[in-house]
Amino acid sequence: MNISIIGSGYVGLVTGACFAELGNKVICADNDTEKISDLKKGVIPIYEPGLEELVANNLKRKRLRFTTSIKEAVKESEIIFIAVGTPSLGNGEADLTGIENVARQIAINMSSYRLIAEKSTVPVETGEWVKHTISTHVKRNVKFDVASNPEFLREGCAINDFMHPDRIVIGVESKKARDILLSLYKPLHAPIVITNIKSAELIKHASNAFLATKISFINAVSNICDKVGAQITEVAEGMGLDKRIGSSFLNAGVGYGGSCFPKDLDAFITISEKLGYNFELLKAVKDINEQQKACVLGKLKDALWIIKDKTIGVLGLSFKPSTDDIRNAPSLDIIKALEAEGANIKVYDPQAMAKARSMLKNAKFCKDPYQACKDADCLLIVTEWDEFKELDFTRVKKLLKRPLIIDGRNIYDPKKLSKLGFIYIGIGRSEK
Ligand code: NAD
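All values derive from a computational prediction rather than experimental measurement. (Residues numbered from 1 in each chain as written. Predicted model: local features only at pLDDT ≥ 70, side-chain atom pairs only at ≥ 80, totals over all residues. Heavy atoms only, no water.)

**Q** Quick question: what am I supposed to make of the overall build of the chain here?
**A** When helices and strands are tallied, the chain shows 18 helices and 14 strands. For the chain, whose C-alpha radius of gyration is 23 Å, the value lies close to the compact-globule estimate of 22 Å for 432 residues. For the chain, the spread of C-alpha atoms along the three principal axes comes to 75 × 50 × 40 Å. Within the chain, the fraction of its 432 residues that count as buried is 54%. Across the chain, contacts joining residues at least 24 apart in sequence account for 72% of those joining residues at least 6 apart. A total of about 19700 Å² of accessible surface is found on the chain, and carbon and sulfur atoms cover 52% of it. Side-chain charges in the chain split into 61 positive and 54 negative, and the spacing between the mean points of these groups amounts to 3 Å. (Helix = DSSP H or I, 4+ residues; strand = E, 2+ residues; numbered from the N terminus. Rg over C-alpha atoms; globule rule 2.2 N^0.38 Å. Buried < 20%, exposed > 50% of the residue type's maximum accessible area, 1.4 Å probe, protein only. Contact = heavy atoms within 4.5 Å. Areas by Shrake-Rupley, 256 points an atom, 1.4 Å probe, with all protein chains shown as cover. Lys, Arg positive; Asp, Glu negative; His and termini not counted. Charge placed at Lys NZ, Arg CZ, Asp CG, Glu CD.)

Following this line, the structure appears as structure tokens:
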């Protein structure tokens, strides 16, 4: 099929490369000229395992093209996916200016039937506005369909998630749109949920909100564990084996972040409010997440007393492992709070340092985890990269000024570290 994807970021680029890999002819468009010029040369603007090879392979086979021209993308494609960003406005609402802008440009450039599919995460009823916008600007008699096809891939394993999804959600209003999307996704042999457009939009917001709720729930329980000396990892294991609950997203830690959960929660709360429903549960989920970042600061103060002039070695900047994405990463809030208290920060991350440099002007960026440990009063784990799980602790202990580890992701075995002579403080794992 001839497909175009408007917006070539984490989602658009992976989607485009994967559809090309499945044998389609794909045009990825973006209004960022530098990004497109790099992509044409095979230079990938983000770190996503396997993506560089996938793009190179499909560029070579001429199944993948890049352009800054929406006109060119619309002219040559029957299906057009909108995958632009939908960031949060200051008031919590999703900023849909990118969606509106692209919908208008698609309409202006359409000369025969097109299927326009929302891939970006959008509040319920956005599809109505996309339809309205296209109807207003399209030439008379040109037919089109709008569909909602939310994306569920996770950064860090995006290609695998795209190629082997738990489910594909297709929100449509016509048989034609349904058949086109069904045949596009047929090679993936995945369960397909067909709904109307509004339900599909809601499935995405509700899924992300539910996952964030699981994280805040276990974090809330971890606070009780800390108070009584219970082990959150044991509690989570005991809960997670119940098939009705499931073990994923039950890892207590410094809270969720990233480009999706915080903004999608805000957007879901705001659209609910607009529709006349006060989504108090999700407000509490947000509050708990903020408290969790503050709780790390509390643990540092309990251990170090005064933060001013202390050196903290921080491991991890990206909001989760295997990505360079630092959008809304808890690391940024935690480091800024520590700096505000007068701490000196030494930080290391395997992939995210380039993106973080301009945001953390006072921190010292280190070449490896050991440099971050050198002469630090404490080592703080913020992201659970595999590399941090395999440290040489004898070396770490020699380098640290005090053998103190605050494990914000519960990646270490407390007993093992205590045996090695460390003071170990995890999340919901204190001994009483
Ligand atoms: P991103 O910021 O990485 O990419 C968005 C791209 O759109 C950028 O390259 C930007 O230059 C481009 N763009 C913006 N306005 C444009 C316009 N008018 N014309 C052409 N290009 C334009 O964002 P992302 O992480 O890929 O997310 C995109 C959407 O997918 C969001 O709605 C997000 O919530 C959703 N989503 C993201 C993920 C994820 O893990 N990142 C997962 C599922 C869904």
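Once the structure has been displayed, the description carries forward.
**Q** Would you explain the nonpolar core in this entry?
**A** Nonpolar side chains in soluble globular proteins tend to be buried together. L300, I312, L317, L338, L380 and Y412 are the most contacted members of the largest nonpolar core, which has 58 residues in total. Sequence-distant contacts of L380, defined by excluding residues within four places in its chain, comprise V296, L300, I312, G313, V314, L315, I334, L338 and I406. (Core = buried A, V, L, I, M, F, W, Y, C linked by side-chain atoms within 4.5 Å.)

**Q** Before we go on, may I ask you to explain the site of the ligand in this structure?
**A** Near the ligand, the surroundings consist of 25 residues, among which D30, K35, T86, E155 and K263 are the closest. Separating a nitrogen atom of the ligand from a side-chain N or O atom of E155 is a distance of 2.7 Å. At 3.0 Å, a side-chain N or O of R327 approaches an oxygen atom of the ligand. Inspection of the shell around the ligand shows a minimum of three residues originating in each of domain 1 (2–195) and domain 2 (230–425). (Near = heavy atom within 4 Å. Polar contact = N/O pair within 3.5 Å; in protein donor to acceptor, adjacent residues only side chain to side chain. Domains from an automatic or database assignment.)

**Q** In this structure, what is going on with the pattern of salt bridges? I would like to understand it.
**A** Here the idea is simple: oppositely charged side chains can pair when their charged atoms come close. Under the defined criterion, the tally for this structure stands at 29 salt bridges. For the salt bridge of K274 with E93, the shortest nitrogen-to-oxygen distance reads 3.6 Å. In this pair, K274 is assigned in helix α11 (residues 261–274) and E93 in the loop between β4 (79–82) and α5 (97–109), connecting sequence segments 181 residues apart. E341 serves as the salt-bridge partner of K301, at 2.9 Å between the closest nitrogen and oxygen. Highlighted residues: K301 in helix α12 (residues 280–304) and E341 in the loop between α13 (330–340) and β10 (344–348), separated in sequence by 40 residues. Residue class for K301 comes out partly exposed when judged on its relative accessible area of 33%. By relative accessible area, E341 is classed as partly exposed at 32%. (Salt bridge = Lys/Arg side-chain N within 4 Å of Asp/Glu carboxyl O.)

**Q** What should I look at first to understand the layout of surface pockets in this one?
**A** Gaps left between atoms show up when a probe the size of a water molecule is rolled over them. Approximately 330 Å³ is the volume found for the second largest pocket. L96, P123, T126, W129 and K274 are, among the 18 residues lining the second largest pocket, the residues nearest its centre. When contributions to the lining of the second largest pocket are tallied by element, the ones reaching two or more residues are α5, α6 (126–137) and α11. A breakdown of the residues in the lining of the second largest pocket according to their chemical character gives ten nonpolar, four polar and four charged. (1 Å grid on protein atoms, 1.4 Å probe; cavity = no way out; pocket = protein on both sides within 12 Å on 5 of 7 lines; lining within 4 Å. Points joined across faces, edges and corners; volume = space filled by probe spheres on them. Nonpolar A, V, L, I, M, F, W, Y, C, P; charged D, E, K, R; others polar.)

**Q** Just to check I follow, could you spell out α12 for this structure?
**A** Residues three or four positions apart in an α-helix share a direction because the helix packs 3.6 residues into each turn. Compared with an ideal rise of 1.5 Å per residue, which puts 25 residues at 36 Å, α12 spans 36 Å between its outermost C-alpha atoms and is within 8% of the ideal. W305 occupies a position one or two residues after α12 and carries a positive phi of about 65°. (Expected span 1.5 Å × (residues − 1).)

**Q** It is not clear to me how the environment of G171 should be interpreted in this structure. Could you clarify?
**A** Considering the arrangement of structural elements, one finds G171 in strand β7 (residues 168–171). Linking G171 and D407, residues 236 residues apart in sequence, is a C-alpha distance of 42 Å. Here G171 is in contact with V146, A147, S148, T195, N196, I197 and A200, once residues within four sequence places are set aside.

**Q** Is there a simple way to think about the pairing of strand β6 (residues 144–148) in this case?
**A** Looking down a regular strand, the side chains alternate between one sheet face and the other. Taking burial as the measure, the five residues of β6 include five buried ones, the bulk of the element. Burial of β6 is two-sided: the residues F144, V146 and S148 facing one way and the residues D145 and A147 facing the other way are all buried. Chirality of the crossover, the property in question, places the unit of strand β5 (residues 114–118), α6 and β6 among those that are right-handed. (Right-handed = clockwise from strand over helix to strand, strands pointing away.)

**Q** How should I be thinking about unusual backbone geometry in this particular structure?
**A** Comment: phi is negative for the bulk of residues other than glycine, and the bulk of peptide bonds are trans. Although it is not a glycine, D309 sits at a positive phi angle of roughly 65°. Structurally, the position occupied by D309 is in the loop between α12 and β9 (311–315). The class for D309 is exposed, based on a relative accessible area of 55%. The phi dihedral of N410 is positive, around 50°, even though this residue is not glycine. Looking at the element boundaries, N410 is found in the loop between β13 (404–407) and α18 (414–419).

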